[in-house]
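# Structural characterization, general
Below, each chain spelled out in residue letters.
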Amino acid sequence: MRILLYNPDNGVTRNFMPHLWMFLLKALTPPGHEVQLIDGNAQPMDEASIARYVREQNIDLVGIGAMTRMIAKAYRMADAIRAVGVPVVMGGPHVTEEADEALGRSGGPRHADAVALGEADETWPKIVADAATGKLKDVYSPVDDFGQERKPSLKEYPVIPWDKIDLDQFNLVPKRVKRTLQRIGDGWGTFRIIPMESGRGCPYGCEFCTVTGFFGDSIRFRSNESVVNELLLLKARAKSESGQIAVFFIDDNFAINIKRTKSLLRDIIAAKAQVHWVAQISANLLRDEELVDLIAASGGKWVFIGMESIDPANLADVNKGFNKPGEYAAVLQRLAQRNVYAITSFIFGMDNDTPGVAERTLKEIRTWPPGLPIFGLLTPLPATPLYKRLEVAGRLTRPKHWQEFIPFEMAHTPLKMTIAEAHAEVKYGWASSYSPEAMAHAVVSLKDKPLGYRINIFIARMCFRGIYFPQMGPLAWLKLIYQNRRTISTLVREGYRTWRHHPTSSTGTPACAA
């Protein structure tokens, strides 16, 4: 069979990196089948274009994976594919919780011929075999001989052939400047952010999060050797292409087992497998000085920290009391001292939030080393404890909010502010953090850091600004460059002076590795 694995965008915002599930299922596909990959974030498609593609390419089966924010687009694309007679299998966190919706059993139209519940490592080969014989079942679930859900072990992790996979669609370097950038330093003809996992699962069970429900509360890890070999493969590919690469460890909490994480980072260093990498790590785990030393030495450049709130009452409400706002400044300083950036995530619209929460949060942020703050609204995702609590309380304003994705739009009523006030707080947080003045201040405050470090934070802020204020076309980028012309001019002048004295120097660090 010819199989297409498709990951949709949500039609509004696009991600910086591809999704791992496509590459993993491709590696798990039994021999004798051809697998093609399309990520809608890199190759935007509408319903007509994907229907035309599956016809022209003689595709026999399409697999679609989607999170809740992408599911409306996923359903539309699945409908278009099924309309031309090609079967569709859907999976991912949303479909796992809303299987009847995808199968048309809850009163709406049917969008999928089959659904894969939970992690599909073991069920995907069965799905392919059944599709090849025209015997697809409605539901595939990973269960043991007693009918109990079974989580796959990661000890025998499949080898993803990163050296052979076509990654052209994921190159973040614009084609028009590719040749020029290839001549700079180590070469920037290609720059890709590649997803990788070292483990799955999270024991914390935060009220708003789908992770524990989907992956479970017991942690499973790959072997250190498996992770190191994959990093070496990616590093060799980047070198052969005279390009750059960064890895995003998609583990929901990369350092959840500190002893094991230290062991992995030491093995990465010993094997000289360092590449620039990003990971999600809870603030409480970053108290450990040795861990932070190893993060920096092994190539860690960005750490995503779900701070969520500076109010301990909010954190307790959502079962995230292990976060201690009083420790945030020390954690960020610890990272900054080792030239590791922080991506700090905040949620507004929690039950203890009142108007002015954005400014109160920003007042704290301004005392921290410059990083990348991001702001969102509390969102009740299907089957989470948060969704169930709000449903029982009658506070859901859009119970099926995913059926019409609207970015930065609440789906329930906050307790101590209106929905409009919560929206205004998020907008204020983004506008204040990513204004030309704020970007200039971030660069100036790093004047004691190397030029490459300052260029990195500036470009990363330009990219992250697009999460809330989408920069989808050349005119939007030109406007943004004009608004930040003074900071750009300062960095260019200093870069030119540095280049004249050291013509082979390079900034080295990938700027949008997040």
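Above this note sits the structure.
Since we're looking at a predicted model, the values are computed, not measured. (Residues numbered from 1 in each chain as written. Predicted model: local features only at pLDDT ≥ 70, side-chain atom pairs only at ≥ 80, totals over all residues. Heavy atoms only, no water.)

Here the focus is a nonpolar patch on the surface. Taken together, Leu 475, Trp 477, Leu 478 and Ile 481 make up a surface patch of nonpolar side chains, about 410 Å² in accessible area. Along the polypeptide, Trp 477 turns up in helix H19 (residues 474–483). Owing to a relative accessible area of 31%, Trp 477 belongs among the partly exposed residues under this scheme. (Patch = residues over 30% accessible without salt bridge, like charges linked within 9 Å, V, L, I, M, F, W, Y side chains within 5 Å. Areas by Shrake-Rupley, 256 points an atom, 1.4 Å probe, with all protein chains shown as cover. Salt bridge = Lys/Arg side-chain N within 4 Å of Asp/Glu carboxyl O. Helix = DSSP H or I, 4+ residues; strand = E, 2+ residues; numbered from the N terminus. Buried < 20%, exposed > 50% of the residue type's maximum accessible area, 1.4 Å probe, protein only.)

Further remarks concern the pattern of salt bridges. Enumeration according to the criterion identifies 33 salt bridges in this entry. Note that Lys 400 and Glu 98 form a salt bridge whose closest N and O atoms lie 3.9 Å from each other. Of this pair, Lys 400 sits in the loop between helix H15 (385–392) and helix H16 (419–433) while Glu 98 sits in the loop between helix H4 (93–97) and helix H5 (99–102), placing them 302 residues apart in sequence. Classification of Glu 98 as buried rests on a relative accessible area of 18%. Between Arg 150 and Glu 122 there is a salt bridge; the shortest N-O distance is 3.2 Å.

So, on to the nonpolar core. Trp 162, Leu 231, Phe 249, Ile 281, Leu 286, Ile 305 and Leu 335 are the most contacted members of the largest nonpolar core, which has 104 residues in total. No other element matches the 9 residues that helix H18 (residues 451–468) contributes to this core. Not counting the four nearest positions on each side in its chain, Leu 231 is found in contact with Met 196, Val 247, Phe 249, Ile 268, Ala 273 and Val 275. Within the second largest apolar cluster, 42 residues are counted, among which are Tyr 53, Met 70, Ala 80 and Val 318. (Core = buried A, V, L, I, M, F, W, Y, C linked by side-chain atoms within 4.5 Å. Contact = heavy atoms within 4.5 Å.)

Pairing within the open sheet is parallel, and its 6 strands lie in the order S7-S10-S11-S12-S13-S14. Because the sheet does not close on itself, it has two edges, and the strands there are strand S7 (191–196) and strand S14 (372–377). In this sheet, adjacent strand axes meet at a mean angle of 20° when their direction is disregarded. Summarising the sheet, S7 and strand S10 (residues 244–249) pair through 6 bridges and their orientation is parallel. Paired with Arg 192 across the strands is Ile 245, a residue of S10. (Pairing = 2+ DSSP bridges. Axes fitted to C-alpha atoms, helices over the stretch in contact; angles between N-to-C directions.)

Before going further, it helps to spend a moment on the side chain of Asp 251. Here Asp 251 is to be found in the loop between S10 and helix H10 (258–270). Buried within the structure, Asp 251 lacks any salt-bridge partner; Arg 260 is the closest side chain of opposite charge, at an N-O distance of 4.8 Å. Filtering out sequence-adjacent residues up to four positions away, Asp 251 remains in contact with Met 196, Glu 197, Ser 198, Gly 199 and Gln 280. (Lys, Arg positive; Asp, Glu negative; His and termini not counted.)

Now for the packing of aromatic side chains. Two measures describe an aromatic ring pair: the distance that separates the ring centres and the angle between the ring planes. If you walk through the whole model with that rule in mind, you get 20 aromatic pairs. With 4.5 Å between their ring centres and 15° between their planes, Tyr 341 and Tyr 453 make a pair best called stacked. Taken together, the residues Tyr 341 in strand S13 (residues 341–348) and Tyr 453 in helix H18 connect sequence positions 112 residues apart. Between the aromatic rings of Trp 430 and Tyr 468, the centroid separation amounts to 5.9 Å while the plane-to-plane angle is 15°, which identifies the pairing as stacked. With Trp 430 in helix H16 and Tyr 468 in helix H18, the pair connects residues that are 38 residues apart, well separated along the chain. (Phe/Tyr/Trp six-rings, centres within 6.5 Å; stacked < 30°, edge-to-face > 60°.)

With that out of the way, let us pick up the state of the cysteines. Following the criterion strictly, the structure yields 0 disulfides and no others. Cys 206 provides the cysteine sulfur closest to Cys 202, a residue in no disulfide bond, and the two sulfurs are 6.3 Å apart. Free of any disulfide, Cys 209 has its nearest neighbouring cysteine sulfur in Cys 206, separated by 6.1 Å. (Disulfide = S-S within 2.5 Å.)

On the secondary structure map, Glu 241 appears in the loop between helix H9 (224–240) and S10. In this structure, the C-alpha to C-alpha distance between Glu 241 and Trp 277, residues 36 residues apart in sequence, is 19 Å. Residues contacting Glu 241, with those up to four places away along its chain left out, are Thr 190 and Arg 192. Engagement of the side chain of Glu 241 in a polar contact is seen with the side chain of Arg 237, the distance being 3.0 Å. (Polar contact = N/O pair within 3.5 Å; in protein donor to acceptor, adjacent residues only side chain to side chain.)

Glancing now at the packing of H10 against helix H11 (residues 289–297). Closest axis-to-axis distance for the H10/H11 pair is 9 Å, and the angle between their directions is 30°. Our classification of the angle between H10 and H11 gives roughly parallel. As for how H10 packs across H11, the hand of that crossing is left-handed. Together, Ile 258, Thr 261, Lys 262, Leu 265, Arg 266 and Ile 269 of H10 and Glu 290, Leu 291, Leu 294, Ile 295 and Ala 297 of H11 make up the contact between the two elements. Across the contact of H10 with H11, the residue classes break down as 7 nonpolar, 1 polar and 3 charged. (Parallel < 35°, antiparallel > 145°, perpendicular 65-115°, else oblique. Left-handed = near helix turned anticlockwise from the far one by under 90°. Nonpolar A, V, L, I, M, F, W, Y, C, P; charged D, E, K, R; others polar.)

This brings us to the environment of Ala 283. Within the secondary structure layout, Ala 283 lies in the loop between strand S11 (276–280) and H11. What Ala 283 contacts, discounting residues up to four positions off in sequence, is Ile 305, Asn 323, Tyr 328 and Val 331.

So, on to the packing of H9 against H10. Between two packed helices, the angle of one axis relative to the other and the distance separating the axes together describe the packing. The N-to-C vectors of H9 and H10 enclose an angle of 40°; their axes lie 10 Å apart at closest approach. On the basis of the axis angle, H9 is oblique to H10. Handedness of the H9/H10 crossing: right-handed. Taken together, the residues of H10 that come into contact with H9 (itself represented by Asn 224, Val 227, Val 228 and Leu 231) are Arg 260, Ser 263, Leu 264, Asp 267 and Ile 268.

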